[in-house]
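# Descriptive analysis of the structure
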Amino acid sequence: VIKVHILTHEHLINLLEMVLEMIVFLVSQSIIVGVIQMLSTNWYEYIFFKEKLKYLFDNELSPDNLYIDSFNIYERVAVINFITMNIPQKYPKKWKSESFNAIIFRLTFSDLTNFSIQGNDFFNKIGRLDTKIIDNKKTLIFTSENLYIELSALNIMFGDFKPLKR
């Protein structure tokens, strides 16, 4: 026996109203925003001047295996220089003449709203970067063995990218 349910126009409208109510509820609970962020694959999505990554490295700069080279805070501005040993396939032609095995790059946080560190000795740790939107603030998270750093700011910007010999 096969049962076939035929939806009337009225049933279809009721179903669509229920779906719309569910979407409104999820948005009001910020659940959809979190799901969209989880589906994001680019760690640099919320960083200004991300076009530099496309131009210099064809968006291939990995967020893994990074070192913190320097870390400075000036009032509500933080500047962090990261070093990566993961050299992308594509890099600037002018670098070909240089003998390098790493890249150093800078992130600047303006209007810093949160700074949290758990752990120690963060200059000797290999870690991973991730960015998220938390409470309408751009947040960078650096995780490593026994180290967790979180910075939130209204803006995060890429600075210079330079070849480096380590």
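Residues numbered from 1 in each chain as written. Predicted model: local features only at pLDDT ≥ 70, side-chain atom pairs only at ≥ 80, totals over all residues. Heavy atoms only, no water.

Moving on: the overall build of the chain. Along the chain, the regular secondary structure elements total three helices and six strands. The order of α-helices and β-strands along the chain, N terminus first, is α-α-α-β-β-β-β-β-β. Per-residue burial over the chain gives 34% buried out of 166 residues. In the chain, of all internal contacts separated by at least 6 residues, the share reaching a separation of at least 24 is 64%. Summing over all exposed atoms, the chain offers an accessible surface of approximately 11,000 Å²; the carbon and sulfur share of this is 56%. (Helix = DSSP H or I, 4+ residues; strand = E, 2+ residues; numbered from the N terminus. Buried < 20%, exposed > 50% of the residue type's maximum accessible area, 1.4 Å probe, protein only. Contact = heavy atoms within 4.5 Å. Areas by Shrake-Rupley, 256 points an atom, 1.4 Å probe, with all protein chains shown as cover.)

Nonpolar side chains collect at one region of the surface, where Leu12, Leu15, Leu16, Met18 and Val19 lie side by side and expose about 470 Å² of accessible area between them. Structurally, Leu16 is set in helix H1 (residues 9–28). By relative accessible area, which is 54% here, Leu16 ends up exposed. (Patch = residues over 30% accessible without salt bridge, like charges linked within 9 Å, V, L, I, M, F, W, Y side chains within 5 Å. Salt bridge = Lys/Arg side-chain N within 4 Å of Asp/Glu carboxyl O.)

What follows concerns the pairing of strand E3 (residues 102–119). Here strand E2 (residues 77–84) pairs with E3 via seven bridges, running antiparallel. Paired with Thr84 across the strands is Ile103, a residue of E3. Pairing of E3 with strand E6 (residues 147–164), which is carried by 15 bridges, proceeds in the antiparallel orientation. Residue pairing in the sheet places Ser116 in a bridge with Glu150 of E6. (Pairing = 2+ DSSP bridges.)

Moving on, we get to the nonpolar core. With 31 residues, the main nonpolar core has Phe105, Leu107, Phe109 and Phe161 as its most contacted residues. Once residues lying within four places of it in the same chain are set aside, the contact partners of Leu107 are Ile47, Ala78, Val79, Ile80, Phe82, Leu129, Leu140, Ile156, Met157 and Phe158. (Core = buried A, V, L, I, M, F, W, Y, C linked by side-chain atoms within 4.5 Å.)

Moving on to the packing of aromatic side chains. One pass over the structure, following the stated rule, counts 14 aromatic pairs. Ring geometry for Tyr91 against Trp95: centres 6.4 Å apart, planes inclined by 25°, an arrangement best described as stacked. Assessed through its relative accessible area of 23%, Tyr91 is described here as partly exposed. Taken together, Trp43, Tyr44, Phe57, Phe82, Tyr91, Trp95, Phe100, Phe105, Phe142, Phe158 and Phe161 form an aromatic cluster joined through their ring pairs. If you follow Arg166 out to its NZ or CZ, it ends over the ring of Tyr67, 5.1 Å from the centre. (Phe/Tyr/Trp six-rings, centres within 6.5 Å; stacked < 30°, edge-to-face > 60°. Lys NZ or Arg CZ within 6 Å of the ring centre and 35° of its normal.)

It is worth spelling out the pairing of E6 at this point. Examined bridge by bridge, strand E5 (residues 137–144) and E6 share seven bridges and lie antiparallel to one another. Each bridged residue has a counterpart across the sheet, and for Lys138 the counterpart in E6 is Ala153. Here E5 folds back onto E6, and the loop between the two strands holds two residues, one of which, Asn146, carries a positive phi near 60°.

This part is about unusual backbone geometry. Peptide bonds are, in most cases, trans, and in most cases residues other than glycine have a negative phi. Unlike most non-glycine residues, Asp58 shows phi in positive territory, near 55°. Relative to the elements of secondary structure, Asp58 occurs in the loop between helix H3 (51–57) and strand E1 (66–74). Residue Asp58 is classed as partly exposed on the basis of its relative accessible area of 35%. Phi is positive for Glu75, close to 50°, though the residue is something other than glycine.

The next thing to look at is the confidence of the model for the chain. Looking at the chain as a whole, the pLDDT averages 82, with 83% of positions reaching at least 70. Segment residues 31–40 is flagged for pLDDT under 50; beyond a separation of four residues in sequence, or across chains, it makes seven contacts in the model. (pLDDT = per-residue confidence, 0-100.)

This brings us to the environment of Lys54. Take Lys54: it is sitting in helix H3. Taking the C-alpha atoms as reference points, Lys54 and Lys90, separated by 36 residues in sequence, lie 9.8 Å from one another. Of the polar contacts made by the side chain of Lys54, one reaches the side chain of Asp58; its length is 3.1 Å. (Polar contact = N/O pair within 3.5 Å; in protein donor to acceptor, adjacent residues only side chain to side chain.)

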